[in-house]
Amino acid sequence: MAPFLTAEAERRYPGAGTVEARFDIPCRGFSITVLFGPSGSGKTTILRMLAGLERLNAGRILCDGEAWADAGQGLHRPPQARRIGFLSQGYDLFPHLDVAANLAYGLPGLAPAQRRARVADLLTLLELQGLEQRRPAQLSGGQRQRVALGRALAPQPALLLLDEPLSALDRPVQLRLWRDLRALLRRLEVPTVLVTHDRAEALQLGDRIVVMEEGRQCQAGPIQEVFERPSDPAVARILGVETVLLGRVTEVRDGLATLAVGEALVHAADPGGLGAHAYVCIRGEDVLLERGEPGPSTARNRLRGRIRSLQTEGPLVRLTLDCGFPLESLVTRQACVELGLAEGETVIALLKASALHLIPHD
Amino acid sequence: MDWEALRLSLRLAALTTLTLVALGLPLAHWLAFTRWRWKFLVEAVVALPLVLPPTVLGFYLLVAMGPRSPFGRLWVSAFGHALPFSFEGLLIASVLYSLPFTVQPFAAAFTAVDRGLLEASWCLGASRLRTFFRVVVPLSWAGLLTGMVLSFAHTLGEFGVVLMVGGDLPGRTRTASIAVFDQVQALDYAAAGRTALLLLGVSFGVLALTYGLRHARRLPWPLS
């Protein structure tokens, strides 16, 4: 069966390079595809090509069996003919219209009574009751974000496109809204493409990820797979953490969470809002190694593992361990020599609970 | 008091403004949003009346409307009278002469509308025309008002072009500004003074009203 969305989009900027990506969304229904990369990597351009706001110089976009763009045939459907919901970074609410009129803007075809009912539904869904008469200038950042989301969802789009939807908000607000957003989109069963440069946002919201750098797509696939097996060092560098693993939350007590990762159990500080699963992010420089019998330590995690490989990176050595799950550690060359670390040796990896960063995921 | 001249002036200014709104909206919209590389040439043509002596513009219009030009002949065969020294001729001249006073504020206001809002509107399914009337126009109202008032006031005060194209025919082409000139020529300083004061009052009133309205609306969303 053909994928729900096929995007093979390329746009050339004379003298400024090319932006290209090839990915698909396998099936209809709820899923979030994250376009991830540093700023200037071309993710927004890809999103704008999906929206029809930029033309393709090569390639094509097919959605739900309809051709939205085909550079070979000179086909370009304008945004009006694509049934999309588009949420830009600045929200772009109409400043001269109140909340209710902003929400109703994309519903001119409905009878007035139906339109009012739909707006009322959206106000309830996004917890905006009582704000219908307000202008965008009189709303908080979080409220504006919800109005913009509601406005984009109002015409029941076939595909939702979100450009850094929460980047303008404070971190505590973000943490709450990430969870709410994913739950909402799941309930509405909207396929979504989301642009972000924030790793935590990508992990918390995404199902699939497209990693971009300098206009080029580096890797695309299910998010867990990409984080566990980056296709090359460039992708690993963009992703920014050495070890990212999906764990099952087994216990949360006294601010400490216990998760089953692979065959091992790890302990981490509870970030709050944990569900059944969470991503465990570990930086290589936070992983201490020990040999012989361990003495008393403040580290909550001590994991016995075998060294799978060593790789020199300037004054440092990157070790890949097998502790029941793959774990990367970054140590100095000197320490490596003193401890006699070599492939096949067994070591103990020490990790403070605070060095394990948890990102809730469903 | 030459009430007839004042009435003619007001009628000319009102009709000129109306015509300019109809012409200026699409032209300014095109200028504000086109990426055509030769757009600057059109901008220069629109701005020409700002710097051209009214006599030069009047001269060309006179020639273009005259019975020896194809346009002039067409007009005569269609309407039975020649354009020069008629009210219609005056209207065409006024529209061209005041074009930059409409188009420039309109285009500036349209350009100031955030492009993201237009894209948001398109993505919500609104056509370009609907976007224009639902988003662009409401957000540009101050610039649109300025353009209309400037065109109106400018038409009230024009002299050179009127004299060249319209002549000085009482009731047909003799506007208030021409009347002042006539009255001075006739050494009737009292009458000239009255007409001049009236023009001054009307012009100041219109401008003051506009700027006052703009100032009041610049405050954030009154009573909303």
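Residues numbered from 1 in each chain as written. Chains lettered and ligands numbered in written order. Predicted model: local features only at pLDDT ≥ 70, side-chain atom pairs only at ≥ 80, totals over all residues. Heavy atoms only, no water.

Draft legend 1. Fine view of the overall build of chain A. Each helix and strand in chain A was counted, giving nine helices and 21 strands. Based on the C-alpha atoms only, the size of chain A along its principal axes is roughly 75 × 50 × 40 Å. Here chain A, with 362 residues, has 51% of them falling under the buried criterion. Taking all contacts inside chain A whose residues are at least 6 apart in sequence as the whole, residues at least 24 apart take part in 65%. Carbon and sulfur atoms form 48% of the exposed surface of chain A, whose accessible area is close to 16200 Å². Across chain A, the centroid of the 42 positively charged side chains sits 5 Å from that of the 42 negatively charged ones. (Helix = DSSP H or I, 4+ residues; strand = E, 2+ residues; numbered from the N terminus. Buried < 20%, exposed > 50% of the residue type's maximum accessible area, 1.4 Å probe, protein only. Contact = heavy atoms within 4.5 Å. Areas by Shrake-Rupley, 256 points an atom, 1.4 Å probe, with all protein chains shown as cover. Lys, Arg positive; Asp, Glu negative; His and termini not counted. Charge placed at Lys NZ, Arg CZ, Asp CG, Glu CD.)

Draft legend 2. Just the packing of aromatic side chains, in detail. All names here are of chain B. All told, the structure shown has 10 aromatic pairs over all chains when counted by the stated rule. Ring centres 5.9 Å apart and planes at 55° place the aromatic pair W30 and W36 in the tilted group. Look at F71 and W75: their rings are 6.3 Å apart centre to centre, the planes differ by 55°, and that puts the pair in the tilted class. Here W75 and F71 lie together in helix α4 (residues 70–79), a separation of four residues that amounts to about one turn. Take F71: its relative accessible area is 41%, and that puts it in the partly exposed class. (Phe/Tyr/Trp six-rings, centres within 6.5 Å; stacked < 30°, edge-to-face > 60°.)

Draft legend 3. View of the packing of helix α1 (residues 3–33) of chain B against helix α8 (residues 141–157) of chain B. All names here are of chain B. It is at 8 Å that the axes of α1 and α8 come closest, and there the two elements cross at 140°. Taken together, the axis directions place α1 and α8 in an arrangement best described as oblique. Crossing handedness for the pair α1 and α8: right-handed. Listed contacts from α8 to S9, L10, L12, A13, A14, T16, T17, L20, V21 and L25 of α1 are L144, M148, S151, F152, T155 and L156. Tallied by class, the residues present in the contact of α1 with α8 amount to 11 nonpolar, five polar and no charged. (Axes fitted to C-alpha atoms, helices over the stretch in contact; angles between N-to-C directions. Parallel < 35°, antiparallel > 145°, perpendicular 65-115°, else oblique. Left-handed = near helix turned anticlockwise from the far one by under 90°. Nonpolar A, V, L, I, M, F, W, Y, C, P; charged D, E, K, R; others polar.)

Draft legend 4. Spotlight on the nonpolar core. Counting residues in hydrophobic clusters, the biggest one holds 55 residues, and the most contacted among them are A:L5, A:F23, A:L159, A:L161 and B:F110. Looking at which element gives the most residues to this core, the answer is helix α5 (residues 87–112) of chain B, with six residues. Aside from chain neighbours lying at most four places away, what touches A:F23 is A:L5, A:T6, A:A7, A:T33, A:L35, A:I46, A:L50, A:V210, A:Q217 and A:A220. Membership of the second largest hydrophobic core comes to 53 residues, among which are A:F30, A:L122, A:A148 and A:L169. (Core = buried A, V, L, I, M, F, W, Y, C linked by side-chain atoms within 4.5 Å.)

Draft legend 5. Structural view of the environment of B:Q183. All names here are of chain B. For Q183, the position within the fold is in helix α10 (residues 176–185). The exposure class of Q183 is buried, given its relative accessible area of 10%. Linking Q183 and L139, residues 44 residues apart in sequence, is a C-alpha distance of 45 Å. Excluding anything up to four places from it in sequence, Q183 contacts D2, D188, A191, A192 and T195.

Draft legend 6. Geometry of the sheet that holds strand β21 (residues 357–360) of chain A. All names here are of chain A. If you walk across this open sheet you meet the five strands as β14-β13-β12-β15-β21, and the pairing is antiparallel. A single partner strand is all that each edge strand has here, and the edge strands are β14 (264–269) and β21. Along the sheet, successive strands turn relative to each other by an average axial angle of 40°, direction set aside. Alignment of strand β12 (residues 243–253) against strand β13 (residues 256–261), held across five bridges, turns out to be antiparallel. From the neighbouring strand, E251 faces β13, where its bridge partner is T258. (Pairing = 2+ DSSP bridges.)

Draft legend 7. Representation of the packing of helix α4 (residues 141–153) of chain A against helix α5 (residues 171–188) of chain A in the model. Residue and element names in this part refer to chain A. Remark: α4 packs on α5, axes separated minimally by 13 Å, with the N-to-C direction vectors making an angle of 15°. Of the possible angle classes, the one that applies to α4 and α5 is roughly parallel. With respect to the hand of their crossing, α4 and α5 are arranged in right-handed fashion. Contacts from Q145, L149 and L153 in α4 reach L177, L181, L184, L185 and L188 in α5. Of the residues belonging to the contact of α4 with α5, the class tally is seven nonpolar, one polar and no charged.

Draft legend 8. Up close: the pattern of salt bridges. Evaluation of the coordinates by the stated rule reveals 15 salt bridges over all chains. Salt-bridge contacts for A:R22 lead to A:E20; the nearest nitrogen and oxygen are separated by 4.0 Å. Each of the salt bridges in this network shares a partner with another, and the network as a whole consists of A:R11, A:R48, A:E54, B:R115 and B:E119. (Salt bridge = Lys/Arg side-chain N within 4 Å of Asp/Glu carboxyl O.)

Draft legend 9. Just the interface of chain B and chain A, in detail. Listed as interface residues are 21 residues of chain B and, on the opposing side, 22 residues of chain A. Summed over both sides, the interface between chain B and chain A buries roughly 1900 Å², with carbon and sulfur atoms accounting for 63% of that surface. On inspection of chain B and its partner chain A, the count reaches one salt bridge. Ionic pairing is found between B:E119 and A:R48, a salt bridge with its closest N-O pair at 2.8 Å. Here chain B and chain A share five residue pairs in polar contact (both at pLDDT 80 or more) between them. Listing elements by their share of the side of chain B that touches chain A, those giving two or more residues are α6 (115–123) and α7 (128–139) of chain B. Residues of the side of chain B that touches chain A, tallied by class, amount to 10 nonpolar, six polar and five charged. (Buried area = accessible area lost by both parts, 1.4 Å probe. Polar contact = N/O pair within 3.5 Å; in protein donor to acceptor, adjacent residues only side chain to side chain.)

Draft legend 10. Focus on the domain arrangement of chain A. Residues and elements named next belong to chain A. For chain A, the assigned domains are domain 1 (5–240) and domain 2 (244–360). In this structure, domain 1 and domain 2 have C-alpha centres spaced 35 Å apart. Between domain 1 and domain 2, the contact holds 10 residues from the first and nine residues from the second. When the two sides are added together, the surface that domain 1 and domain 2 hide from each other amounts to roughly 870 Å², 60% of it contributed by carbon and sulfur. Linking domain 1 to domain 2 there are zero salt bridges. Connecting domain 1 to domain 2 are zero residue pairs in polar contact (both at pLDDT 80 or more). (Domains from an automatic or database assignment.)

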